[in-house]
Structures are given as C-alpha cells and as structure tokens.
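Single-letter residue listing:
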Amino acid sequence: MKFYLEKLLNQESLTLEEMKDAATTSFDEHISESELASFLTALKTKGETPEEIAGLADVIRAQSSQTIDTLTDVMDNCGTGGDGSHSFNISTTAAFVLAGAGVKVAKHGNRSVSSKTGSADVLEHLGISLSFSKKHVEEMIQENNIAFLYAPHVLPGMKRFMTVRKNLGIPTIFNLIGPLTNPVNLDTQLLGSYRRDMLPVLAETLYQLERKRALVINGPDYMDEASLAGDNHISLLEEGKVTSFTLHPSDINLPVYDNDEIRGGDAKENATILLNVLKGKKGPYYDTALLNAGLGLFANGAAASIEDGVLKAEESIQSGAAMEKLQRLIDYSSKITSEAI
C-alpha cells in the first residue's frame, strides 16, 4: 500500500492492475483506517482515472457472494446520489418503465443518501424484499425483467470503508462507484452522476468495465438524474468511443418544469408518486420518468433515439406493463417471505 500511496502523492496514476492490487489490499484487516484514509485522500487530490475507478469497482464486485455472470443483455439505471436535490425516486420509477418496455433491469440501490428517500426505502415500503438471494435475482430478471439488489445485502464487504469515509467527511472515489459495483454482469447502463466534470471519465470507466453501450448523465442544477428544468449534459459510450452532448426537453417534445416540481418526500409519499406515475397520472413526475426511461431505452439500444425511447416508455406505462412488473415483484417478495417463515 505504501508504494501505491507514494505514486499517488507524486501525482502518478495507478494502472488498472495496480489499482486492483491496492483495492484488494484495502480489504486486508492489517491495513489501518488511517492508511485507507490517506489512500482515498491521495486519490481524490490527484484526480481519479477510469482505470482506478474501474479497478476498485471490479474488486468490490468480486467480494460479493451474489456475482451473476449467467444473465445476458441486462442493464442498470442507478445514479451515484449526492446531488442534494430531494427529488422523487426517479431512477427507481423509470426502472419499472424500462422493464415494462422489455428491458432486463438489475436495479441496484441503497437507502437514502442525498434525498429523503432512497430506492431501498421506497421499495421496502411497497413490500419488496431487500434480501433477494442470487437465485431470486436470476429468477426475477428472467421471468419479470427486473429485480432489486440492495447494496448492503449484496456487498457486505463495504462496511469496512464506512467508518473511514464518515471520519474523512469529504467526497471520495466511493461517491462515484456505487452504480459500478452491481454484482450482475451488465451489458449496458444508464449512469447518473452529480459530478458534471466526471461524465467522460465515467463513460471511459464503463468501457473499462466492458459495457457495450452506456449513457452517463448530469441534469440541470447538477442532478444525478435527467430533468426537464433545462439542459442535461450527457456522455455516450458507443463502440468503445465517448461522445458528449446536451439535451433540452424541447429537443424531444417534452415540457419544461422547474426541479422544485419534482421534489419527493418520505417513503410513503414517494411510493404514492411512483404508483401514480405507473398508473399514468400526467404531470411533472410522469414526464420526468418518461425522460429518464427514454434515456435508459436509448442507452440499452432498445430505442433508436431518445425521442423513440420516450414514446416506448409511454407505451410501457399506458399499456399497464410497467405496473405489472412492479406488482409481480411485490407478489414474489411476499411469496419468498412466506416460504421463509
């Protein structure tokens, strides 16, 4: 660890293999919290590279007992959090729209970080289990196009770093990698980040993680989701190349809403918002879900354009398919809970 720390302090980046070795060493109980803190601080000060981010994500994924490499053509649409927007659960709502449109979604998430309610909080309120086994995840993705993976359940090794991060009190590489540590082997991804300056870096990171296609987005007011308040900044990974552009709602015939109009609340309030969107209730929440699901469909390759993705997303809701995916996941959770008693 000392060798890698000295490299970082000299403003030298680590290779992918060096970062994997350093990250593996970090899980060793003989490495002190102060050493970990120094390493994370040195990485942040130098500036994280795609190889360093990918190396850490790979090692963390390998620590999971639920790594799934048997499924194909699966995506995630998880964001990093950290934007402080207090929006409703946009990516969680959009995940069911994606599933209803025929896309396989391994929805990775956690409890609240920057919002009042995280994906795990709202889904738990709706009756969805936070402790799906590897077998459960595989069954639900194959049969229902969507399963939920609660980060602390599938990645228990992350507890080692929680105290260090809390004591440091500053954003580190861990604030970027949550969506990259999904234990399901993903082919495509829609990744939201609160760091607009990191969009191309994260897109390159997804290439290092062997994503075939991906979008990395940062919304107006530096949201880690796309919104209808103005220009969304986007980096597209396609055929190994990264291109960047902006997207305004008017570009795809969607209305403009202020971000205050998509604020959420506690788990009960956000569950109601999610249900209303999937029932087809029009308004800012509905249109925001359409935008993000449309981006997800485009990222996955299931839509030829973002505008086409929005149309397919609306069909997913209006046909009842998105709501059906949610209900089946609730029913499955109830079934496995009953069997465990």
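Residues numbered from 1 in each chain as written. Predicted model: local features only at pLDDT ≥ 70, side-chain atom pairs only at ≥ 80, totals over all residues. Heavy atoms only, no water.

S.K.: Looking at this structure, how should I read the overall build of the chain?
M.R.: Assigned secondary structure in the chain consists of 15 helices and seven strands. Along the three orthogonal principal directions, the C-alpha set of the chain runs to about 60 × 50 × 35 Å. When the 341 residues of the chain are sorted by exposure, 57% land in the buried category. Of the accessible surface of the chain, which amounts to about 13900 Å², a share of 48% is contributed by carbon and sulfur atoms. For the chain, the centre of its 31 positive side-chain charges and the centre of its 46 negative side-chain charges are spaced 4 Å apart. (Helix = DSSP H or I, 4+ residues; strand = E, 2+ residues; numbered from the N terminus. Buried < 20%, exposed > 50% of the residue type's maximum accessible area, 1.4 Å probe, protein only. Areas by Shrake-Rupley, 256 points an atom, 1.4 Å probe, with all protein chains shown as cover. Lys, Arg positive; Asp, Glu negative; His and termini not counted. Charge placed at Lys NZ, Arg CZ, Asp CG, Glu CD.)

S.K.: Is there a simple way to think about the pairing of strand S3 (residues 146-150) in this case?
M.R.: Most of S3 sits inside the fold, with five of its five residues counted as buried. Across the two faces of S3 the burial is the same, with Ile 146, Phe 148 and Tyr 150 and Ala 147 and Leu 149 all buried. Where strand S2 (residues 104-109) and S3 come together, five bridges link them in parallel fashion. Paired with His 108 across the strands is Leu 149, a residue of S3. (Pairing = 2+ DSSP bridges.)

S.K.: Whenever I open this one, the pattern of salt bridges confuses me. Can you help?
M.R.: Pairing of side chains with opposite charge becomes possible as their charged atoms draw close. Per the stated rule, a full pass over the model turns up 13 salt bridges. Here Glu 238 makes a salt bridge to Arg 213, at a shortest N to O gap of 2.6 Å. Placement of Glu 238 in strand S6 (residues 232-238) and of Arg 213 in strand S5 (residues 213-218) is noted, with a sequence separation of 25 residues between them. Under the relative-accessibility criterion, Glu 238 is labelled partly exposed at 37%. (Salt bridge = Lys/Arg side-chain N within 4 Å of Asp/Glu carboxyl O.)

S.K.: Can you walk me through the sheet that holds S3 in this structure?
M.R.: Whether parallel or antiparallel, the strands of a sheet pair through hydrogen bonds between backbone atoms. Here we have seven strands laid out as an open sheet, ordered S3-S2-S1-S4-S5-S6-S7, and mixed in their pairing. Two strands close off the open sheet at either side, each with one partner strand: S3 and strand S7 (241-247). Going from strand to strand, the sheet's axes swing by 15 degrees on average, the running direction of each strand aside. With two bridges joining them, strand S1 (residues 74-76) and S2 adopt parallel strand pairing. (Axes fitted to C-alpha atoms, helices over the stretch in contact; angles between N-to-C directions.)

S.K.: I keep staring at unusual backbone geometry and nothing clicks. Help me out?
M.R.: Backbone phi values are negative for most residues with the exception of glycine, while trans is the configuration of most peptide bonds. Positioned with a positive phi, His 86 is a non-glycine residue whose angle comes to about 55 degrees. Relative to the assigned elements, His 86 resides in the loop between S1 and helix H5 (90-100). A positive phi angle, close to 70 degrees, is found at Glu 210, a residue other than glycine. As for its position among the elements, Glu 210 is in the loop between helix H11 (199-208) and S5.

S.K.: Where do I start with the nonpolar core in this structure?
M.R.: Most often, soluble globular proteins have nonpolar side chains that are buried together. The biggest cluster of nonpolar side chains holds 111 residues, and the ones touching the most others in it are Phe 39, Ile 173, Val 184, Leu 295 and Leu 326. Considering each element in turn, this core owes the most residues, nine residues, to helix H13 (residues 284-300). Apart from the residues lying within four places of it in its own chain, the contact partners of Val 184 are Arg 61, Ile 68, Leu 71, Val 74, Ala 106, Val 137 and Leu 149. (Core = buried A, V, L, I, M, F, W, Y, C linked by side-chain atoms within 4.5 Å. Contact = heavy atoms within 4.5 Å.)

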